[in-house]
Amino acid sequence: MPTNNKELSWERVEKYLAEKTAGGDLMSLVETEKIFKQIVENFDLPGEDFERKVQALSFVFSEYEDLKQARSAYQKAIEKANFSASNYEIKNDLAFYYQAIKDLVDFEKKKMSAMKKIKLYLSTFLPKPKVFIKKFVLIFLIFFLIIFLLDATSFGRMIVDLFVSLSHLIFSWVLFVILLIAGIAILAVGTIYYFQGRRK
């Protein structure tokens, strides 16, 4: 399986397996995870959270649960000093990795529609869109319920008027600061160009 990084190759995985030792088996798993990460990063998805990227690409994998099992074994291998697994189990996990990498490479060759690309990119920010939509709708309804309740009483209207006045005050100052900074920047650039013109 080709990769963009020359340091990552299946030859190294096979070399570790050929050692026929527990340490070699675990290192083959580590090397395969590196290859998997490189292939995922080839998709150039936004954000720094690698697990979210994998989750966003979950629809690509023909055996997503098997991949999760293999990656779980990898995590245990690097986190637990006393972790051990049989050669048979390691080879099974490597097969799961191989299938996932094959799925990614095959998918990468296909031409994605703009809509699918947008959906894929959004998935990295919203790994659980249904949960996000439910929370958004709930917050939206609560917000307007509070406005309704405040508007129903004179005390509530007084609070609303207070917040409106504060927002006007805050945003007027923000606008003033933005205009002031823009004016200073224009003045500074104009001064630089003026003196450069005089030198010529």
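Residues numbered from 1 in each chain as written. Predicted model: local features only at pLDDT ≥ 70, side-chain atom pairs only at ≥ 80, totals over all residues. Heavy atoms only, no water.

Enquirer: Would you explain the overall build of the chain in this entry?
Expert: Counting its secondary structure elements, the chain contains eight helices and zero strands. Put simply, the chain runs from its N terminus to its C terminus through helices and strands in the order α-α-α-α-α-α-α-α. Across the 200 residues that make up the chain, the buried fraction comes to 24%. Long-range contacts, defined here as pairs at least 24 residues apart, represent 66% of the contacts in the chain between residues at least 6 apart. (Helix = DSSP H or I, 4+ residues; strand = E, 2+ residues; numbered from the N terminus. Buried < 20%, exposed > 50% of the residue type's maximum accessible area, 1.4 Å probe, protein only. Contact = heavy atoms within 4.5 Å.)

Enquirer: What am I meant to see in helix H1 (residues 10-18) here?
Expert: For an α-helix, the turn length of 3.6 residues means that residues three or four places apart are oriented alike. When H1 is considered as a whole, its buried residues turn out to be Trp10, Val13 and Tyr16. All buried residues of H1 fall inside an arc of 120 degrees around its axis, so they share one side. Looking at H1, the residues exposed on the side facing more than 90 degrees away from the buried face are Glu11, Glu14, Lys15 and Ala18. Within two residues after H1, Lys20 carries a phi angle of roughly 55 degrees, on the positive side. (Arc of directions from axis to C-beta.)

Enquirer: Sorry, what's going on with the nonpolar core here?
Expert: When a protein is soluble and globular, its nonpolar side chains tend to lie buried together. With 32 residues, the main nonpolar core has Leu29, Phe36, Leu57, Phe61, Tyr97, Ile101 and Leu104 as its most contacted residues. If you tally residues by element for this core, the top one is helix H5 (residues 87-109), at eight residues. When near neighbours in sequence (up to four residues on either side) are disregarded, Leu57 contacts Val40, Phe43, Leu45, Leu104 and Leu120. (Core = buried A, V, L, I, M, F, W, Y, C linked by side-chain atoms within 4.5 Å.)

Enquirer: What is the right way to read the packing of aromatic side chains from this model?
Expert: The relative placement of two aromatic rings is captured by the distance of their centres and the angle of their planes. This structure, assessed with the given rule, holds eight aromatic pairs. Taking the centre distance of 6.2 Å and the plane angle of 85 degrees together, the rings of Phe36 and Phe50 count as edge-to-face. Of this pair, Phe36 sits in helix H2 (residues 22-41) while Phe50 sits in helix H3 (residues 50-56), placing them 14 residues apart in sequence. Phe50 shares its class with Phe36; the two are buried. In this structure an aromatic cluster arises from ring pairing among Phe36, Phe50, Phe61, Tyr64 and Tyr97. A cation over an aromatic ring shows up here: Lys37 above the ring of Phe50, its NZ or CZ 5.7 Å from the ring centre. (Phe/Tyr/Trp six-rings, centres within 6.5 Å; stacked < 30°, edge-to-face > 60°. Lys NZ or Arg CZ within 6 Å of the ring centre and 35° of its normal.)

Enquirer: I would appreciate a short explanation of the side chain of Ser28 in the present structure.
Expert: Here Ser28 shows up in helix H2. The residues contacting Ser28, other than those within four sequence positions of it, are Val13, Tyr16, Leu17, Ile90 and Leu94.

Enquirer: Would you explain unusual backbone geometry in this entry?
Expert: Negative phi values dominate among residues other than glycine, just as trans dominates among peptide bonds. Phi is positive for Lys20, which is not a glycine, with a value near 55 degrees. With respect to the helices, strands and loops of the structure, Lys20 is situated in the loop between H1 and H2. Located in the positive-phi region is Asp44, a residue other than glycine, with phi close to 55 degrees. Summarising the element assignment, Asp44 is placed in the loop between H2 and H3.

Enquirer: Explanation requested: the pattern of salt bridges in the structure shown.
Expert: A side chain with one charge can pair with a side chain of the opposite charge if their charged atoms come near. Summed over the entire model, instances satisfying the criterion amount to seven salt bridges. Two residues, Glu51 and Arg71, come together in a salt bridge whose shortest N-O distance is 2.9 Å. You can see Glu51 sitting in helix H3 and its partner Arg71 sitting in helix H4 (residues 64-79), a full 20 residues away along the chain. Given a relative accessible area of 9%, Arg71 falls into the buried group. For the salt bridge of Asp106 with Lys102, the shortest nitrogen-to-oxygen distance reads 3.1 Å. Residue Asp106 and its partner Lys102 are both found in helix H5; the two are separated by four residues, about one turn of the helix. (Salt bridge = Lys/Arg side-chain N within 4 Å of Asp/Glu carboxyl O.)

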